[in-house]
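Chain by chain, the residues run as shown.
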Number of protein chains: 2
Amino acid sequence: MSLDPARLVPMANAIRALSMDAVQAANSGHPGMPMGMADVATVLWSKYLKFDPGAPAWADRDRFVLSAGHGSMLIYSLLHLSGYAAPTIDDIRNFRQLGSPCAGHPENFLLDAVECTTGPLGQGLAMAVGMAMAERHLNAVFGDELVDHRTWVVAGDGCLMEGINHEAIGLAGHLKLGRMIVLWDDNNITIDGGTDLSTSEDIKARYAATGWHVAECDGHDFGDIERAIDEALADERPSLVACRTVIGKGAPNKQGTSATHGAPLGEDEIAAARETLGWEHGPFVIPDDILSDWRATGESGKAAHGEWRDRLGASPNKAEFTRRMAGELAEDFQLDNYIQSLMKEPQKVATRKASEMALTHVNTYLPETIGGSADLTGSNNTKAGGIEPFTAANYAGRYVYYGIREFGMAAAMNGMALHGGVIPYGGTFLVFTDYARGAIRLSALQQARVIYVMTHDSIGLGEDGPTHQPVEHLASLRAMPNLLVMRPCDAVETAECWALALEQTDRPTVLALSRQGLPQVRNAPDETDQCRYGAYRLKRAGNAHKVTLIATGSEVHVALETAEKLEREGVGASVVSMVCTELFDEQDAAYRADMLPADTLKVSVEAGATFGWERYTGTDGLNIGLDRFGASAPADDLFEKFGFTADAIVPQIMNKLKD
Amino acid sequence: MSLDPARLVPMANAIRALSMDAVQAANSGHPGMPMGMADVATVLWSKYLKFDPGAPAWADRDRFVLSAGHGSMLIYSLLHLSGYAAPTIDDIRNFRQLGSPCAGHPENFLLDAVECTTGPLGQGLAMAVGMAMAERHLNAVFGDELVDHRTWVVAGDGCLMEGINHEAIGLAGHLKLGRMIVLWDDNNITIDGGTDLSTSEDIKARYAATGWHVAECDGHDFGDIERAIDEALADERPSLVACRTVIGKGAPNKQGTSATHGAPLGEDEIAAARETLGWEHGPFVIPDDILSDWRATGESGKAAHGEWRDRLGASPNKAEFTRRMAGELAEDFQLDNYIQSLMKEPQKVATRKASEMALTHVNTYLPETIGGSADLTGSNNTKAGGIEPFTAANYAGRYVYYGIREFGMAAAMNGMALHGGVIPYGGTFLVFTDYARGAIRLSALQQARVIYVMTHDSIGLGEDGPTHQPVEHLASLRAMPNLLVMRPCDAVETAECWALALEQTDRPTVLALSRQGLPQVRNAPDETDQCRYGAYRLKRAGNAHKVTLIATGSEVHVALETAEKLEREGVGASVVSMVCTELFDEQDAAYRADMLPADTLKVSVEAGATFGWERYTGTDGLNIGLDRFGASAPADDLFEKFGFTADAIVPQIMNKLKD
């Protein structure tokens, strides 16, 4: 297929017109990027991108990621023009208005054809790395006939300045993800002004140093764009294509300046742009011939999709491939037998070790898991079940050595989960959720099944000291919408949490796991599947019920010891294991009231910030926690020092009861 | 001065011996790095580092940052051997034990000579960038005679893989911070194994691409180390010196492997190492001759310090320089007059704009402020008071264009604050505290006066949508120890918050500021300095007091409207502006009870997660908040949709009162 500039020019101008008009109508938004990258996107869509507008969920489509998400009108224009059912022209008219799927930044949960939510800079590119990893893995498992697609990224200067960019391209270069191509909108402009205000980097040299192929082109010369993309396709490495563009191209007085970046052009400039571009049509009007050319861009993809569907139909792997892409767990998957074995032979192990034990079963029965760690494999206990490393030489492997790249790992996991066909999990220390937090938020916002294996979950990690001891992290993660934070107290709860996390098709889970060994507190074969309720009673009061102890993770056994001492003093005390506050909050009022009876003193025990615990204890309860940074010492010394022992807690409760 | 290998060998081995013995005694820690970098550190200390062991706070000392903080025994050994008062040999014996200043990772608040807390990888290097910036700025202001020192960093492969490394070196390269030298412990080992497990990057080429000078040396050849450092000193760019080392050098069976990274060597291997090194002395024994050679390393620094003291004594700038380095505010600094002018002419402005207005005064009266923004200058309103850009051509400037580098900015601000002599503030959107969170935590842990100007603090930012709308961020930051989170409601409160933030010499502040305009609710000239109490009563109940509304920031005026409507229905309602929960928690019980009377219905109103608000409302109160992600639409539509209007709130209160 050869590209005809006479057709491409108006096609690209259609993007420019929709973008400037939609931003103007909304009186807010970013016209500069879509206008600048319109030519590149038109070439990509016309010749290279494999897509079927009628089937945005087609498994073998190319993935297109608008990492510079503020330029959202670019993707909305492309999707509408090329014939996707959504967004409609009315959706675009309502850009940035309540209820429109054309949100300020592209949201994967509002439009089927938006692969991922972008806007937080750098993360789109980093998620694309995960998509490219998932593609290569599934290709290795299912072959070219079912999985053979590319991942395309449009990134801006901002994406390339963010630290996550370094982590993402380091991973992609190392893993030789040659089917990933980043189209860099190289326009020398950031919000504050020229890029020379803040950077002097030779970006192309940096990418080359990181194992990438680098090409460049005039981003407004269709033939040159084509040449550069062909070069990228021919190279085995991942490619950066530096597309030299003029931001806001077509707006005669403002183009090339930061004035076009994040504000409407204004009526006058839009009129002038119409003249410059030779675009004689009113706002939101796309003439039939131009629309028809755009609609034709999907034809080859439609045909390819048909052929692919035939291959899938004929494939012996059809059922398994379809199951994995649908995100359904294997029918024979269960951890019940394993949990029953724990009931028979209780294990005193750290919950990070318990996680490894559960993972041995998970990884054996669920071939779609892809695990990894940000250089803490032996500490996070994430390599289990005999899975092999995922490497450039063996994409069939299922264990990723992410390196010291927490944020890059989390974003890659988002990309994998959104690509589909795999279930990613990855580990680091809980305290380093701080490094990955931007991506954890996007897991939650994007409703992605990503499982964070966060070990060393309190001062219980001991000697490494306050930089490595999470304090506020449980609270800060619980505050995040649509994220489950689970802190199991023993091997049984850990297994139940793994099963629950895998069940969550539309939200991520953080598993907070101990470094130190913990006794198994649940041993009755008929007391299973308790974590599902978020909190449950582990011990009833013996004497008249006066005190309800609510604990999580490594403090549950402390609460049990506390209850025992209280009972010896004649005070009836129940113990509730609050393994997941979010799941507990979802239970009905009767269940919640039964767990936390109104007429008892409620005492929370958790080796972390007390912030948020009043929700369960009330302001007249007692919150045993840690509202300061930790210290460096052996774990037992720290639990003693900070009062997480039954001996330290009982007197406080007795005093409180006297009040 | 020429270096004598015959003396350097035992000096370096003293570091190795102390490191392996201390880790063994603690039965935890990281011997590999100190043993590997002992030779490089010995050369640095003997010939290059400007320091006076008797005066760790000497303003013009070189700054030494152990970015690879897990190798903490390197710095503890160096400080002890070279004659600092702390740590003592007993402190080292008690490495990683409760009460020892020799914590698992170096902590700036435990040892005077530890410039910054390190351990979270990459951040030491990024803080060093801030130190080097502060040095050049103060040099530009006070001249070579008072400020003329270098910043040295020891970094590992982990520091160089972290994304923040990219941001930090991009900034340093752009700003041409030639007095910064990074000694990279190039040992090809990470925790998981060889670096080739996870990276294929040409690090030296990447640094070169980012505007750095690059040298390399055999990290175990004293002469070669000297040559490489001399090269670095001769170059005007910041320098990376790749020191090829063997991790755990000296441990004959384990060196060069990840086994030496993070675990004691074991008694047998330590005995073998003693033999290999020819170290015949018992644990923690340093022979007098070796100690004497080490003590001599501080002599030239002592002399230089004496000369510097003379220059300071003779300097006309002595008082101002001393004031700034002591972190004291100028005596004539106050915002009272400005606040009184607001009382006379109330301003309806966004609090981000109010922040700019306050900053105009701050920057005029406090020459030590250094502001900036991560490429959102016009949105964060951080450039005020006529300050000029801080650039490679003008280090006297006080405004930093940080670029799209939130994490790098925050870490650089930590470095500046810890260097002393400047007070850094910097802006981005509140939602992007997620990107910078690792450094915000280090501001708090290190007790650093850093002021975060975080604008667009709620769904009130409007059309950009959920990726840009903070929801859980206020709660997640409030959970962090030693951090003040202030959310002022108008121009008066914003000015008071700025004054308070500047007063905090030992903790950071987050100012959460609105994008949208807010009415000035405090106009009485005698009602000043209220924010100091964290919360205060803005409106008393007219009718019998039934309801206490507690609001922050942009919801305070909504609470006032709500109270007005309630009063019209005969319900007495007071309004408390809870501008800073942490400061309120520090007030005495009587004050707190007076603000939040026990017998009233307490209602929190904040456009963010309700998590944590039960602390003030109790479980029988009402929490008006947002426990989901936001949406893309104009701000007014969102406030309406999510119920942050008096009309939506009043009925909920009336219902609750009926219960």
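Each chain has its residues counted from 1, running along the sequence as written. All chains are assigned letters beginning at A, and all ligands numbers beginning at 1, according to the order in which they are written. Predicted model: local features are reported for residues with pLDDT of at least 70 only, side-chain atom pairs are reported and counted for 80 or more only, and whole-chain, interface and lining totals are derived from all residues. Side-chain metrics in this entry use all non-hydrogen atoms of the structure; hydrogen atoms and water are not considered.

1. Digging into the overall build of chain A
For the purposes of this entry, the term helix denotes a DSSP run of H or I that reaches at least four residues, the term strand denotes a run of E that reaches at least two, and both are numbered from the N terminus. Scanning chain A for helices and strands turns up 26 helices and 20 strands. The globule rule is 2.2 Å times the number of residues to the power 0.38, and the radius of gyration it is compared with is taken over C-alpha atoms. Relative to the compact-globule value of 26 Å for 659 residues, chain A shows a C-alpha radius of gyration of 27 Å, a close match. In terms of overall dimensions, chain A has a C-alpha envelope of 90 × 55 × 45 Å along the principal axes. When the 659 residues of chain A are sorted by exposure, 68% land in the buried category. By definition, residues are in contact when any of their heavy atoms lie within 4.5 Å. Within chain A, residue pairs in contact and separated by at least 24 positions form 78% of the contacts whose partners lie at least 6 positions apart. For accessible areas, the Shrake-Rupley method is used with a probe of radius 1.4 Å. Any residue's cover is judged against the shown protein chains and nothing else. For chain A, the exposed surface amounts to about 19,900 Å²; the carbon and sulfur share of it is 46%. Neither His nor the chain ends is counted toward charge; the positive residues are Lys and Arg and the negative residues Asp and Glu. Charged side chains are reduced to one point each, which is NZ for Lys, CZ for Arg, CG for Asp and CD for Glu. Between the centroid of the 56 positive side chains of chain A and the centroid of its 88 negative side chains there is a distance of 3 Å. When accessible area is computed with a 1.4 Å probe and restricted to protein chains, residues below 20% of their type maximum are described as buried, those above 50% as exposed, and intermediate ones as partly exposed.

2. What about the interface of chain A and chain B?
In this complex, chain A contributes 95 residues to the contact, which on the side of chain B involves 95 residues. Buried surface at the junction of chain A and chain B, both sides included, amounts to about 8,000 Å², of which 58% is carbon and sulfur. Area buried by chain A at its contact with chain B is led by Tyr435, Arg441 and Phe611 of chain A, which between them contribute 10% of it. Salt bridge, as used here: a side-chain nitrogen of Lys or Arg that lies within 4 Å of a carboxyl oxygen of Asp or Glu. Applying the counting criterion to the chain A and chain B interface returns eight salt bridges. Here Glu614 of chain A ties to Arg615 of chain B by a salt bridge, and the two come within 2.7 Å at their closest N and O atoms. Accessible-area loss on putting two parts together, using a 1.4 Å probe and summing over both, is the definition of buried area adopted here.

3. Some details on the pattern of salt bridges
Two side chains that carry opposite charge are able to pair once their charged atoms sit near each other. Evaluated as defined, the whole model comprises 78 salt bridges over all chains. Among the salt bridges present, the one from Arg274 of chain B reaches Asp21 of chain B, with a minimum N-O distance of 2.7 Å. Residue Arg274 of chain B is found in helix H10 (residues 267–277), and its partner Asp21 of chain B is found in helix H1 (residues 5–26); the two are separated by 253 residues along the sequence. Note on Arg274 of chain B: relative accessible area 14%, which makes it buried. By relative accessible area, which is 6% here, Asp21 of chain B ends up buried. Ionic contacts of the salt-bridge type, sharing partners, join the residues Glu135, Arg136, Asp148 and Arg179 of chain A into one network.

4. Here's the deal with the sheet that holds strand S19 (residues 601–605) of chain B
Residues and elements named next belong to chain B. Here a strand pair is declared whenever DSSP counts at least two bridges between the two strands. Strand order in the open sheet formed by five strands is S16-S18-S17-S19-S20, and the pairing between neighbours is mixed. Each edge of the open sheet is held by one strand with a lone partner, namely strand S16 (535–539) and strand S20 (622–624). The average angle at which neighbouring strand axes cross in this sheet is 25 degrees, direction not considered. In the sheet, strand S17 (residues 545–551) pairs with S19 via five bridges, with the strands oriented parallel. Within S19, the residue paired with Ala551 across the bridge is Val605. Taken strand by strand, helix H21 (residues 556–568) contacts S16, S17 and strand S18 (572–578), and its axis lies near 170 degrees from that of S18. Only the stretch in contact is used when a helix axis is fitted, and all axes are lines through C-alpha atoms; the angle between N-to-C directions ranges over 0 to 180 degrees.

5. Quick look at the relation of the copies chain A and chain B
Superposition of the copies used a least-squares fit over C-alpha atoms from residues whose pLDDT is at least 70 in both. Least-squares fitting of chain A to chain B yields an RMSD of 0.0 Å, with the superposition described by an axial translation of 0.0 Å and a rotation of 180 degrees. Considering both components of the superposition, the chain copies are consistent with a two-fold axis. Most of the interface of chain A is mirrored in chain B, where 100% of its interface residues again form contacts.

6. Brief notes about the pairing of strand S18 (residues 572–578) of chain A
Residues and elements named next belong to chain A. Burial of S18 is extensive: seven of the seven residues sit out of reach of the surface. The two faces of S18 match: Gly572, Ser574, Val576 and Met578 on one face and Ala573, Val575 and Ser577 on the other face are all buried. Here strand S16 (residues 535–539) runs beside S18; their pairing, made up of four bridges, is antiparallel. Opposite Ala535, over in S18, you have Met578 as the bridge partner. As judged from the six bridges shared by strand S17 (residues 545–551) and S18, these two strands associate in the parallel manner.

7. Let's talk about helix H9 (residues 222–234) of chain A
Residue and element names in this part refer to chain A. Helices are assigned an expected span. That span is 1.5 Å times one less than the residue count. Look at H9: 18 Å from first C-alpha to last across 13 residues, which is about the 18 Å you get at 1.5 Å a residue. Along H9, the residues classified as buried are Phe222, Asp224, Ile225, Glu226, Ala228, Ile229 and Ala232. Along its buried surface, H9 packs onto helix H1 (5–26), helix H2 (32–48), strand S2 (151–155), strand S3 (180–186), strand S6 (213–218) and strand S7 (239–244).

8. A look at the packing of aromatic side chains
All names here are of chain A. Here the aromatic set is Phe, Tyr and Trp, taking the six-membered ring for Trp, and pairing holds for ring centres within 6.5 Å; pairs whose planes are under 30 degrees apart are stacked, those over 60 apart are edge-to-face, and all others are tilted. Under the defined criterion, the tally for this structure stands at 41 aromatic pairs over all chains. Ring plane angle 65 degrees and centroid distance 6.1 Å describe the contact between Trp308 and Phe321, whose orientation is recorded as edge-to-face. Separated by 13 residues along the polypeptide, Trp308 in helix H12 (residues 299–314) and Phe321 in helix H13 (residues 318–326) bring together distant segments of the chain. Judged by relative accessible area, which is 6%, Trp308 ranks as buried. Residue class for Phe321 comes out buried when judged on its relative accessible area of 2%. One aromatic cluster is present, formed by Tyr533, Phe584, Tyr591, Trp613 and Tyr616 through successive ring pairs. Criterion for a charge above a ring: Lys NZ or Arg CZ within 6 Å of the ring centre, and within 35 degrees of the ring normal. In this structure, Lys383 packs its charged tip against the face of Tyr399, placed 5.9 Å from the ring centre.

9. Here we look at the packing of helix H7 (residues 163–174) of chain A against helix H7 (residues 163–174) of chain B
Interhelical geometry of H7 of chain A versus H7 of chain B gives an angle of 125 degrees and a closest axis separation of 6 Å. Between H7 of chain A and H7 of chain B, the crossing angle belongs to the class labelled oblique. As H7 of chain A runs across H7 of chain B, the sense of the crossing is right-handed. For the pair H7 of chain A and H7 of chain B, contact is made by Gly163, Asn165, His166 and Glu167 of chain A and by Gly163, Asn165, His166 and Glu167 of chain B, respectively. Relative orientations are named as follows: roughly parallel for angles under 35 degrees, roughly antiparallel for angles over 145 degrees, roughly perpendicular for angles from 65 to 115 degrees, and oblique for any other angle. The sense of a crossing depends on the near helix, which, turned anticlockwise from the far helix by less than a right angle, makes the crossing left-handed and, turned clockwise, makes it right-handed.

10. A look at the packing of helix H3 (residues 72–82) of chain A against helix H11 (residues 288–296) of chain A
Residues and elements named next belong to chain A. Close contact between H3 and H11 brings their axes to 7 Å; oriented N to C, the two are set at 90 degrees. Taken as axis vectors, H3 and H11 run roughly perpendicular relative to one another. Listed contacts from H11 to Leu78, His80, Leu81 and Ser82 of H3 are Leu291, Trp294 and Arg295.

11. Notes on the confidence of the model for chain A
The share of residues in chain A with pLDDT of 70 or more is 100%, and the mean pLDDT across the chain is 97. Here the predicted complex carries an ipTM of 0.98, next to a pTM of 0.98. pLDDT measures the predictor's confidence residue by residue and takes values from 0 up to 100.

12. Concerning helix H26 (residues 646–658) of chain B
Residues and elements named next belong to chain B. In this model H26 runs 18 Å from its N-terminal to its C-terminal C-alpha over 13 residues, within 8% of the 18 Å that 1.5 Å per residue would give. Ala646, Ile649, Val650 and Ile653 are the residues of H26 that are buried. Buried residues in H26, looked at end-on, bunch into an arc of 105 degrees, giving them a common side. Turned more than 90 degrees from where H26 packs its buried face, Asp647 and Lys658 sit exposed. Contacts from the buried residues of H26 go to S17, H21, S19 and S20. Here the arc refers to the set of directions running from the helix axis out to each C-beta atom.

13. Considerations on the sheet that holds strand S19 (residues 601–605) of chain A
Residue and element names in this part refer to chain A. Spatially, the five strands line up as an open sheet ordered S16-S18-S17-S19-S20, and their pairing is mixed. The open sheet has two edge strands with one neighbour each: S16 and strand S20 (622–624). The sheet shows a mean angle of 25 degrees between the axes of neighbouring strands, taken without regard to direction. Packing of helix H21 (residues 556–568) onto the sheet brings it into contact with S16, S17 and S18, and relative to S18 it is tilted by some 170 degrees.

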